[in-house]
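Below are the chains, spelled out letter by letter.
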Amino acid sequence: MGCLEITEVSKTYGEKAALTDFSMTVTGGEIVGLIGKNGAGKTTLLNCISGNIHPIQGTVLYDGCNILKQGAVRGKFGISIEACFVDYLNTYENLALLMKAGGIHDKTYIQKAIPEVLQLVGLGDQIKKHVSSFSYGMKQRLGFAQALLSGTEMLILDEPFAGLDVEGRALVKDHIRRLAKENNIGVIFSDHNLDEVNELCHRVVCMKEGIKVYDGIPENETKYEVYVDELGEDLILKMRKFCGITMDLDRRVLYFPGKLELHEILKTAGAYSTILKIRSIENELEQILLN
Ligand SMILES: Nc1ncnc2c1ncn2[C@@H]1O[C@H](COP(=O)(O)OP(=O)(O)OP(=O)(O)O)[C@@H](O)[C@H]1O
């Protein structure tokens, strides 16, 4: 099983630190979603993993091989980051060019693989069309097709769903799932759509200002936030008796998992404080991102 190991990777642009001491792993068959606000460093990280940019420190290893020093390793990666195509070439020519640039020269294989992959991404009838006539969503599909053509072990995708219609999203998601499950391909992709990430990923990594702030499996169960007017010592002591409750003392908020008895908590909290608001959170990812 292939394993991607990113260890203490840092990258700066001039004075700006885009990535700081970033470490994570992705193993074959695993789908990892990368989330974070605009400018958090997601694309920079994916570019470091792909070997497109050199980090100022740290290592990116795939099955123990340094991707910057042993370039052949990158041939196992399917990469779609700000996919660029030559406008005056048609779809087939663009993909063939990129395959050759990636070290695939077997003409028979190229002639067979391209129509197959275009069919998979719903562009089967666009093989002779010039990319200049493509919409943004079609270019995104083509970017995914290009990644599929070379990604035999690992897919590295920057916002693969951006600009895709409902059908396109479903199609790309299905492929990602199938490739991970059946072909044991590891997938790391960035996305701003938390529902999508929640639905598709085995693991989620959240970045903030170039630093990893979360790496785990978010719980899908409903959680509650209870806002109170005062979070005094008595209430804090009572709440600590309930397993799983956390508190934000400054904001005067109690957080607790839905599996706890809501009415019991409210009764206890209400005895010591006035409850101002109760909010249910169905998607923990949103909380991770906002906090
Ligand atoms: N080529 C560059 N030159 C200078 N600064 C850059 C360059 N590329 C990225 N940055 C800066 O590095 C930081 C991280 O950018 P990056 O594109 O990796 O973030 P991101 O999480 O992918 O953002 P988004 O969600 O908006 O795509 C940002 O502050 C950005 O302005």
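Residues numbered from 1 in each chain as written. Predicted model: local features only at pLDDT ≥ 70, side-chain atom pairs only at ≥ 80, totals over all residues.

A. The site of the ligand, seen in detail. Taken together, Y13, K16, A18, G36, N38, G39, A40, G41, K42, T43 and T44 make up the full set of residues adjacent to the ligand. For the shell around the ligand, the elements supplying multiple residues, two or more each, are strand 2 (16–27) and helix 1 (42–50). Looking at the shell around the ligand element by element, the count peaks at 3 residues for helix 1. Per-class residue counts for the shell around the ligand are 3 nonpolar, 6 polar and 2 charged. (Near = placed C-beta within 6 Å. Helix = DSSP H or I, 4+ residues; strand = E, 2+ residues; numbered from the N terminus. Nonpolar A, V, L, I, M, F, W, Y, C, P; charged D, E, K, R; others polar.)

B. Region of interest: the sheet that holds strand 14 (residues 275–281). Pairing is antiparallel across the open sheet formed by 4 strands, whose spatial order is 12-13-11-14. Two strands in the sheet have a free side with no partner beyond their single neighbour: strand 12 (246–248) and strand 14. Each neighbouring strand pair of the sheet contributes to a mean axis angle of 20 degrees, computed without reference to strand direction. Relative to strand 13 (residues 253–257), strand 11 (residues 223–228) runs antiparallel, the two being bridged by 5 bridges. Residue pairing across strands places E225 opposite Y255, the latter belonging to strand 13. (Pairing = 2+ DSSP bridges. Axes fitted to C-alpha atoms, helices over the stretch in contact; angles between N-to-C directions.)

C. Representation of the nonpolar core in the model. Core analysis: the biggest nonpolar cluster contains 63 residues, and I49, A145, I156 and V187 have the highest contact counts within it. The leading source of residues in this core is helix 4 (residues 136–150), at 7 residues. Residues within four places of V187 in sequence aside, it is in contact with I31, V32, L155, I176 and A180. Counting residues in each nonpolar core, the second largest holds 9 residues, with V228, L231, L235 and M239 among its members. (Core = buried A, V, L, I, M, F, W, Y, C linked by C-beta atoms within 7 Å. Buried ≥ 20, exposed ≤ 12 C-beta atoms within 10 Å, placed from the backbone. Contact = placed C-beta atoms within 7 Å.)

D. Molecular detail of the packing of helix 2 (residues 91–101) against helix 4. For the pair helix 2 and helix 4, the least separation of the axes is 10 Å and the interaxial angle reads 40 degrees. The orientation of helix 2 relative to helix 4 falls into the category oblique. Considering only the axes of helix 2 and helix 4, their crossing is right-handed. When helix 2 is examined against helix 4, the residues T91, L95, L98 and M99 are found in contact with a partner set consisting of L142, A145, Q146, L149 and S150. Residues that form the contact of helix 2 with helix 4 fall into these classes: 6 nonpolar, 3 polar and no charged. (Parallel < 35°, antiparallel > 145°, perpendicular 65-115°, else oblique. Left-handed = near helix turned anticlockwise from the far one by under 90°.)

E. Geometry of the domain arrangement of the protein chain. Domains assigned within the protein chain are domain 1 (3–216) and domain 2 (223–290). Computed over C-alpha atoms, the centres of domain 1 and domain 2 are 40 Å apart. Tallying the contact residues gives 8 residues for domain 1 and 5 residues for domain 2. Within the residue set of the side of domain 1 that touches domain 2, elements represented by two or more residues are helix 6 (194–200) and strand 9 (203–208). Per-element accounting of the side of domain 1 that touches domain 2 gives the leading share, 4 residues, to helix 6. In terms of residue class, the side of domain 1 that touches domain 2 is made up of 6 nonpolar, 1 polar and 1 charged. (Domains from an automatic or database assignment.)

F. Focus on helix 2. Residues of helix 2 that are buried: T91, N94, L95 and L98. The buried side chains of helix 2 occupy one side of the element, clustering within an arc of 90 degrees when seen end-on. Against helix 3 (107–120) and helix 4 lie the buried residues of helix 2. Note on helix 2: the residue one or two positions beyond its end, G103, has a positive phi of about 95 degrees. (Arc of directions from axis to C-beta.)

G. Highlighting unusual backbone geometry. If you check the backbone angles, E8 has positive phi at about 45 degrees while not being a glycine. Looking at the element boundaries, E8 is found in strand 1 (residues 3–13). Notably, D21 is not glycine yet its phi reads approximately 45 degrees, a positive angle. Note that D21 resides in strand 2.

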